[in-house]
Amino acid sequence: MVARLVVAAPSSGSGKTTVATGLMAAFAAAGLAVSPHKVGPDYIDPGYHALATGRPGRNLDAYLCGTELIAPLFAHGAAGCDLAVVEGVMGMYDGASGHGELASTAQIAKLLRAPVVLVVDASSQSRSVAALVHGFASWDPEVRIGGVILNKVGSARHEELLREALDASGVPVMGALRRERQVRTPSRHLGLVPVAERRAEAVDAVAALAEQVRAGCDLEALLALARSAPELGVAAWDAAGPRVVPGRPVVAVASGAAFTFSYAEHGELLAAAGAEVVPFDPLRDERLPEGTRGLVIGGGFPEVYAPELSGNEPLREAVAELARSGAPVAAECAGLLYLSRSLDGQPMCGVLDAEARMSQRLTLGYREAVAVSDSSLAAVGTRLRGHEFHRTVIEPGAGAAPAWGMHLPERRVEGFVQLGVHASYLHTHWAAEPGMAMRFVERCAA
């Protein structure tokens, strides 16, 4: 059994990431093996969680993976740990639009049978905090809010008023963080700046968060709350499939500051299918890894590094040559842009006959999709759920053989399938469709 705690909030911007990351770092520094998790499809927060704990940050997304996989994926990530901390998403009861509680923090807490600590932005209230906490605690009787952490508290007197108000709520205050001590983490057009782009500063920021949480929170009470979680009673998810592809084909996976968006399970699935997974950095490496038979280019921020990516002409040519050979190439979002002719006027790999550029419009949301072209990832008719998150556009938006037919928010085709290339804006979680990884590795070995 793993002690576990879900960090939730009434709304976005309340301080979930501050508290969750600080708790992870504080408990890890105290000698506990801490398993970090994030509700939803977010790639950036798990990078800070990994830095805080020394373990891969893992996502728990009931929309992408289905409710039945949440507890097994959690058990897989938390195996051998003393404590798991799960950072929520948005407001606690906010889920996938039009799907009720699906993919909400509350639903994940129920699926994990985990107690919740509610982080409340107290900066503009005093006695009203009791009504807020009472409402959240009583809304769904299956959700157990075991404690409150008050964030952005203005003064000792403000904290006293808040604690007095909450005395009658039945929910104990387990921490209070002062407004003037807040640790700032820089943001830009898609949220926080990833750890890979500011490693030294991020290390300092996580250490400061740990100190802030240690000073303002009752760690013993929070650990006791986490240990009060009952047995989960599920078998851990396993990346192993029905067979292993022989030959150990090398699958190169883009990494580094420009390509930071990846789910830990993807690499595990590729390795379990028989691949030798080798990371490389398109900003620095001028060649693909020796013996590369397939290429995975996930999401990230190529728009921030367009001049540097463009300047690495030897690697751009190597990627184009691999794609021309018919080798499997799986590209999501940032990878799609990198394979285009140009990004904001900077030459890219030229694999796709399309131009990409930054946009003022944020494209964000869950999607239902069906494969409309046979590819190295999916057979025609494969149905799955994905997520889009970008401020770029690519023209045209689909090739002669599109990757996906979308059903939400409107009907359209999207992406490119040509030779072994599958390129799309759609982020997918392969644990929901593990056959994709097996199919990809089989094509690499063929």
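What counts and how
- Residues numbered from 1 in each chain as written.
- Predicted model: local features only at pLDDT ≥ 70, side-chain atom pairs only at ≥ 80, totals over all residues.
- Heavy atoms only, no water.
- UniProt positions renumbered as here; feature names shortened; annotations may be inferred.
- Axes fitted to C-alpha atoms, helices over the stretch in contact; angles between N-to-C directions.
- Helix = DSSP H or I, 4+ residues; strand = E, 2+ residues; numbered from the N terminus.
- Left-handed = near helix turned anticlockwise from the far one by under 90°.
- Contact = heavy atoms within 4.5 Å.
- Nonpolar A, V, L, I, M, F, W, Y, C, P; charged D, E, K, R; others polar.
- Pairing = 2+ DSSP bridges.
- Core = buried A, V, L, I, M, F, W, Y, C linked by side-chain atoms within 4.5 Å.
- Buried < 20%, exposed > 50% of the residue type's maximum accessible area, 1.4 Å probe, protein only.
- Phe/Tyr/Trp six-rings, centres within 6.5 Å; stacked < 30°, edge-to-face > 60°.
- Salt bridge = Lys/Arg side-chain N within 4 Å of Asp/Glu carboxyl O.

- As annotated in an unreviewed UniProt entry, the protein chain carries the name Hydrogenobyrinate a,c-diamide synthase and is attributed to Streptomyces albidochromogenes.
- Of the comments in the UniProt record for the protein chain, the one headed Cofactor (unreviewed entry) reads "Mg(2+)".
- Reading the Catalytic activity (unreviewed entry) entry of the UniProt record for the protein chain gives the comment "hydrogenobyrinate + 2 L-glutamine + 2 ATP + 2 H2O = hydrogenobyrinate a,c-diamide + 2 L-glutamate + 2 ADP + 2 phosphate + 2 H(+)".

Notes on the packing of helix 4 (residues 67-78) against helix 5 (residues 105-112)
- At their nearest, the axes of helix 4 and helix 5 sit 9 Å apart, and the two run at 65° to each other. Relative to helix 5, the crossing made by helix 4 is right-handed. Along its contact with helix 4, which presents Thr67, Ile70, Ala71 and Phe74, the element helix 5 presents Gln107, Ile108, Leu111 and Leu112.
- Of the residues contributing to the contact of helix 4 with helix 5, the split by class is six nonpolar, two polar and no charged.

Overview of the sheet that holds strand 20 (residues 416-418)
- Across the sheet, six strands lie side by side as 11-10-12-13-21-20; this open sheet has mixed pairing. Where the open sheet ends on each side, the last strands, each with one partner, are strand 11 (276-280) and strand 20. Across the sheet, the axes of successive neighbouring strands diverge by a mean angle of 15°, strand direction being ignored.
- Both strand 12 (residues 292-297) and strand 13 (residues 329-332) contribute to a ladder of three bridges, which runs parallel. In the strand pairing of strand 13, Ile297 is matched with Ala331.
- Packing against the sheet, helix 12 (residues 313-324) makes contact with strand 11, strand 12, strand 13 and strand 21 (421-424), and its axis sits at approximately 110° to strand 12.

Notes on the nonpolar core
- If you look at the biggest cluster of nonpolar residues, it comprises 113 residues, and the most contacted ones within it are Leu23, Met92, Leu112, Leu222 and Leu270.
- With seven residues, the top contributor of residues to this core is helix 1 (residues 16-29).
- Residues contacting Leu270, with those up to four places away along its chain left out, are Val251, Ala275, Val277, Val296, Trp430, Ala437, Phe440 and Val441.
- Of all hydrophobic cores here, the second largest spans 39 residues; its members include Ala252, Ala327, Leu352 and Tyr425.

Here we look at the sheet that holds strand 5 (residues 116-121)
- One open sheet holds the seven strands; their spatial order is 3-2-4-1-5-6-7, and the pairing between them is parallel. Of all strands in the sheet, those with a lone pairing partner are strand 3 (58-60) and strand 7 (173-178), marking the two edges. Within the sheet, the average angular offset between the axes of one strand and its neighbour, ignoring direction, is 25°.
- Looking at chain direction, strand 5 and strand 6 (residues 145-153) are connected through six bridges and run parallel.

Considering the packing of aromatic side chains
- Here the structure, examined in full by the defined rule, presents seven aromatic pairs.
- Ring centres of Tyr43 and Phe261 lie 4.9 Å apart, and the angle between their planes is 10°; on these two criteria the pair is classed as stacked. Placement of Tyr43 in the loop between strand 2 (34-39) and helix 2 (44-53) and of Phe261 in the loop between strand 10 (250-254) and helix 10 (264-272) is noted, with a sequence separation of 218 residues between them.
- Judged by relative accessible area, which is 5%, Phe261 ranks as buried.

Some thoughts on the environment of Ala257
- With respect to the helices, strands and loops of the structure, Ala257 is situated in the loop between strand 10 and helix 10.
- Once the C-alpha coordinates of Ala257 and Glu414 are considered, the two residues, 157 residues apart in sequence, prove to be 26 Å apart.

A few points about the pattern of salt bridges
- This structure, assessed with the given rule, holds 21 salt bridges.
- The salt bridge involving Glu160 is made with Arg157; its shortest N-O contact spans 3.2 Å. Here the residue Glu160 and the residue Arg157 both occupy positions in helix 7 (residues 156-166), the gap between them amounting to three residues, near one helical turn.
- Overall, Glu160 belongs to the partly exposed group, its relative accessible area being 39%.
- One salt bridge in this structure joins Glu159 and Arg178, with 3.2 Å as the shortest N-O distance. Here the residue Glu159 occupies a position in helix 7, and Arg178 occupies one in strand 7, the gap between them amounting to 19 residues.
- Classification of Glu159 as buried rests on a relative accessible area of 16%.
- Through salt bridges with shared partners, a single ionic network connects Lys38, Asp45 and Glu87.

Considering the side chain of Thr105
- If you trace the backbone, Thr105 turns up in helix 5.
- What makes Thr105 buried here is its relative accessible area of 1%.
- Excluding its chain neighbours within four sequence positions, the residues that come into contact with Thr105 are Val6, Ala8, Val39, Gly88, Val89, Met92 and Asp94.

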